[in-house]
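# Results of the structural survey
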Amino acid sequence: MVARLTEGHRRESLAAIPDWNWDEARDAITRRVTFKDFNEAFGFMARVALIAEKADHHPEWSNVWNRVEILLTTHDAGGLSQRDIVMAQAIDALL
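Bear in mind that the values here come from a model prediction, so they are computed numbers and not experimental data.

## A word on the sheet that holds strand 3 (residues 60-64)
Hydrogen bonds between backbone atoms are what pair the strands of a sheet, whose relative direction is either parallel or antiparallel. Spatially, four strands are ordered 1-2-4-3 in an open sheet, and the strand pairing comes out antiparallel. Among the strands making up the open sheet, the edge pair consists of strand 1 (21-23) and strand 3. If you compare each strand with its neighbour and ignore which way they point, the axes differ by 20 degrees on average. Strand direction decides the pairing type here: strand 1 and strand 2 (residues 28-34), joined by three bridges, are antiparallel. Each bridged residue has a counterpart across the sheet, and for Asn21 the counterpart in strand 2 is Thr30. Lying on the sheet, helix 3 (residues 82-94) is in contact with strand 2 and strand 4 (67-72); it crosses strand 4 at an angle near 160 degrees.

Next comes the structure, spelled out in structure tokens:
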């Protein structure tokens with residue numbers, strides 16, 4: 001089972017991914033990314049999907065035209081885990 005991050009580790013991890021916001025109510029991290037158009041947004045989602053499938057860790061997300069909203073949390077851990085931080089860093093690397 002994947003362990004939920006402690007408060008201290010969460011603070012430290014979030015400092016390393018400043019474009020992500022902590023959603024306290026869901027113990028998750030979120031990010032909104034805006035692109036030039038739908039094609040760029042959808043292409044980004046396809047690239048993230050390949051990473052997520054390989055990691056077996058899938059985001060909750062939505063897409064409206066040029067905007068993608070992402071939420072990462074680890075259901076098995078009951079909140080934020082190191083898997084979410086690693087996935088956020090992989091997503092950031094695509095941008």
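That shown, we press on.
## A look at helix 2 (residues 38-55)
The α-helix advances 3.6 residues per turn, and as a result positions three or four apart in sequence lie on the same side. For helix 2, spanning 18 residues, the distance from its first C-alpha to its last is 26 Å, which sits close to the expected 26 Å at 1.5 Å a residue. Along helix 2, the positions that sit buried rather than exposed are Ala41, Phe44, Met45, Val48 and Ala52. All buried residues of helix 2 fall inside an arc of 100 degrees around its axis, so they share one side. In helix 2, the exposed positions angled more than 90 degrees off the buried face are occupied by Asn39, Leu50, Glu53 and Lys54.

Definitions and limits used
- Residues numbered from 1 in each chain as written.
- Predicted model: local features only at pLDDT ≥ 70, side-chain atom pairs only at ≥ 80, totals over all residues.
- Heavy atoms only, no water.
- Pairing = 2+ DSSP bridges.
- Helix = DSSP H or I, 4+ residues; strand = E, 2+ residues; numbered from the N terminus.
- Axes fitted to C-alpha atoms, helices over the stretch in contact; angles between N-to-C directions.
- Contact = heavy atoms within 4.5 Å.
- Expected span 1.5 Å × (residues − 1).
- Buried < 20%, exposed > 50% of the residue type's maximum accessible area, 1.4 Å probe, protein only.
- Arc of directions from axis to C-beta.

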